Amino acid sequence: MLSCLNFSNYIKWDNSGLSFTIHDVSGFTDNVLKIYFRHNKFLSFIRSLNLYGFQKVINFSNNAKRK
């Protein structure tokens, strides 16, 4: 799904190729999940990612502080 250019408005790899970003959750849920999974529930997709060891990455700007 990440290599399909048709979905690049919804999800794509970052420049490093180490993580991906979902740009449009609603569009991703409606147009991508139903093709690759038996559901179209975003939270179920997130749980599946967590099960396989994926972690949420937060980009920090130079002025941002970690909490």
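Check the entry above for the structure.
Parameters at a glance
Residues numbered from 1 in each chain as written. Predicted model: local features only at pLDDT ≥ 70, side-chain atom pairs only at ≥ 80, totals over all residues. Heavy atoms only, no water. Helix = DSSP H or I, 4+ residues; strand = E, 2+ residues; numbered from the N terminus. Buried < 20%, exposed > 50% of the residue type's maximum accessible area, 1.4 Å probe, protein only. Contact = heavy atoms within 4.5 Å. Areas by Shrake-Rupley, 256 points an atom, 1.4 Å probe, with all protein chains shown as cover. Core = buried A, V, L, I, M, F, W, Y, C linked by side-chain atoms within 4.5 Å.

Brief notes about the overall build of the protein chain
Regarding its fold elements, the protein chain presents two helices and two strands. Reading the helices (α) and strands (β) of the protein chain from amino to carboxyl end gives β-β-α-α. With 67 residues in all, the protein chain has 15% of them scored as buried. When contacts within the protein chain are restricted to residue pairs at least 6 apart in sequence, those whose partners lie at least 24 apart make up 20%. Carbon and sulfur atoms form 50% of the exposed surface of the protein chain, whose accessible area is close to 5,800 Å².

Quick word on the nonpolar core
Judged by nonpolar contacts, Phe7, Tyr10, Ile11, Phe28, Val32, Leu33, Phe45 and Leu49 together constitute the single largest core of eight residues. Within the residue set of this core, elements represented by two or more residues are α1 (25-36) and α2 (42-51). The residues touching Phe7, leaving out its near neighbours within four places in the chain, are Met1, Asn31, Val32, Ile35 and Tyr36.

Nothing here speaks to function; it is all geometry.
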